[in-house]
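# Residue-level structural notes
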Amino acid sequence: LPAKLPNTGTTIFTVMSALAAEHGAVNLGQGFPDFGADPALLQAVTEAMAAGHNQYPPMTGVPALRLGVAAKLNALYGAAYDADRDITITAGGTQGLITALHACVGAGDEVLIIEPAYDSYDPAIRLAGAVPVGVPMTMDYRLDWAAVRAAITPRTRALVLNTPHNPSGRVATADDLRELERLAEQHDLFVVSDEVYEHMVFDGAPHQSVARYPALRERSFLVSSFGKNFHVTGWKVGFVAAPPTLSAAFRRLHQYTVFTVHTPTQHALAAYLADPAPWQALSAFYQAKRDAFRAALDGTPLKLLPCEGTYFQTVDYRAVSTHGALPELDFARWLTTEIGVAAIPLSVFYQQPQQRGHVRFCFAKRDDTLAEAAQRLARLG
Ligand code: PMP
Ligand code: GLN
C-alpha cells in the first residue's frame, strides 16, 4: 500500500465514543446533540422524497439551497456571494475543508494551523502534499498574531482559521480579523475559514466571519455545516462560499471526489432555511445549556475555562486530587471508565502534544443528560 498518512491512528472522536459505549459513560466527548431535530425539518425530507427529488441534483447543489445560503450570508455579513457561481453544497464541513485545502495548496507549500487545531486540518494538508505548521494560541487560547507572523516563511501559502473555536470555545474578535486581513494581503495567503459554529456565539458578541471583511473575503474559502446549526450532524451537508476564481478551483475537485450531495436533504434544508428563526435562536439555546452546565460543575475541582461560543466547555482538571497529574489522554480515559463521563483531551489537537491538564466536554445534550454527567463529576475529589 502507498504510505498515506503513516503514523496516523483512529480519530479521537471514534475512540472516545467507543470507550463511552463500552463503559456506559455519559458521552460528552464527541460533539453531537443527543436530542432530536425539529420535526418540521424531518418532515420536509420525506416530503422532498415523495415529491420526486431523488435523482442527482446539479453538481454544485440544489439551486434553492444555494440561493438561501447566499441570501443569509448577504443579510448577516454584507457579503455579495453569487448563488450560482460562489456557493457549493458539500458533504459536511469536513469535505469542504479538505477540498478547499486541496484547491489552494500543493507540494512544498506551508499551511498555518492554529493550535489546538481541529483534527482534520493536519491530515487534509498532508494529503495535499503540503506541510502543516502549527502555531500555538496564547496560554488562554487567544489568537497570537506575533506567533503567526513569526511562523510565516516565503513558502507559506495559506492559513486555517476556526472561529468559534473547537476545542477552546474562544471566539475571534474584529481586531483578530483585521490583523488576519492585513497579514493575508501582505503575504498573499489564502484563508480557509472554518465557521461551522457560526450560529453559536454567546453573550451578545457577533460572529466574526471572513465574509465581513472584503479584502479577506477575496482570498477565503468560508466553510460551514448544516449539521451543527439544525441538530443533524449525521446528515453531513454543508457549504463552501468563495469568490469566483476560488470557487472554480474548488468545483474542479468537488466534481470528481463527491460530485453531488443527497438531494432530498438539500430541498428540505432550502425550505427550512427560508425561516431565520431556528438559527437565530441557536446562540440563546446553547448559551442556556452552557450556563446550566457551568453552574452544575461549580463546586467540583474542575476549573471552568471561558466559553464564548461553540458547544464545548473546556476545563482544567489539575486540581483533581487523585488523578489531576495524569496526562490528558489518560485522564480522559480514566474519567470515562471510572467516573462515567467521556471527554476529549486537548493534547490530540497538537502536532507536539501539550499537557496543560485540559479536557473538553460537549454540552449539546438534553438537560437530564447534563445533570447526570454533573452528578457523576461531583464525585471527583
Ligand atoms: N470543523 C470543526 C471545527 C468541527 O468541530 C467539525 C465537526 N464537528 C467539522 C469541521 C466538521 O463538520 P461536519 O460534521 O459537517 O463534517
Ligand atoms: N466535530 C466533532 C467534535 O469536535 C466531531 C466530529 C467527528 O466525530 N469527526 O467533537
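Before reading further, recall that the structure is shown in the block above.
Residues numbered from 1 in each chain as written. Chains lettered and ligands numbered in written order. Predicted model: local features only at pLDDT ≥ 70, side-chain atom pairs only at ≥ 80, totals over all residues.

## Let's talk about the sheet that holds strand β9 (residues 303-304)
As summarised here, the arrangement of the 4 strands in space is β9-β10-β13-β12, forming an open sheet in which the pairing is antiparallel. Because the sheet does not close on itself, it has two edges, and the strands there are β9 and β12 (344-345). With 2 bridges connecting them, β12 and strand β13 (residues 358-362) associate as antiparallel partners. Bridge pairing in β13 links I344 to R360. (Pairing = 2+ DSSP bridges. Helix = DSSP H or I, 4+ residues; strand = E, 2+ residues; numbered from the N terminus.)

## Thoughts on the pairing of strand β8 (residues 238-241)
Side-chain alternation along β8 places G238 and V240 on one buried face and F239 and A241 on a second face that is also buried. Here strand β2 (residues 87-90) pairs with β8 via 4 bridges, running antiparallel. Paired with I87 across the strands is A241, a residue of β8. Of the strand pairs in this sheet, strand β7 (residues 220-225) and β8 are connected by 4 bridges, and their pairing is antiparallel. (Buried ≥ 20, exposed ≤ 12 C-beta atoms within 10 Å, placed from the backbone.)

## A word on the packing of helix α4 (residues 92-104) against helix α10 (residues 244-257)
In helix packing, the relevant descriptors are the interaxial angle and the interaxial distance, both defined with respect to the helix axes. One way to put it is that α4 packs onto α10 with a least axis distance of 9 Å and a crossing angle of 120°. The pairing of α4 with α10 is recorded here as oblique in orientation. Viewed along their axes, α4 and α10 form a crossing whose handedness is right-handed. For the pair formed by α4 and α10, the contact residues are T99, A100, H102, A103 and C104 on the first element and L246, A249, F250, L253, H254 and T257 on the second. The residue inventory of the contact of α4 with α10, partitioned by class, reads 7 nonpolar, 4 polar and no charged. (Axes fitted to C-alpha atoms, helices over the stretch in contact; angles between N-to-C directions. Parallel < 35°, antiparallel > 145°, perpendicular 65-115°, else oblique. Left-handed = near helix turned anticlockwise from the far one by under 90°. Contact = placed C-beta atoms within 7 Å. Nonpolar A, V, L, I, M, F, W, Y, C, P; charged D, E, K, R; others polar.)

## Points about the sheet that holds strand β3 (residues 110-115)
Spatially, 7 strands are ordered β2-β8-β7-β6-β5-β3-β4 in an open sheet, and the strand pairing comes out mixed. In this open sheet, the two strands that pair with only one neighbour each are β2 and β4 (131-136). Neighbour to neighbour, the strand axes of the sheet diverge by 20° on average, direction disregarded. Strand direction decides the pairing type here: β3 and β4, joined by 6 bridges, are parallel. Residue pairing for β4: I114 is matched across the bridge by V135.

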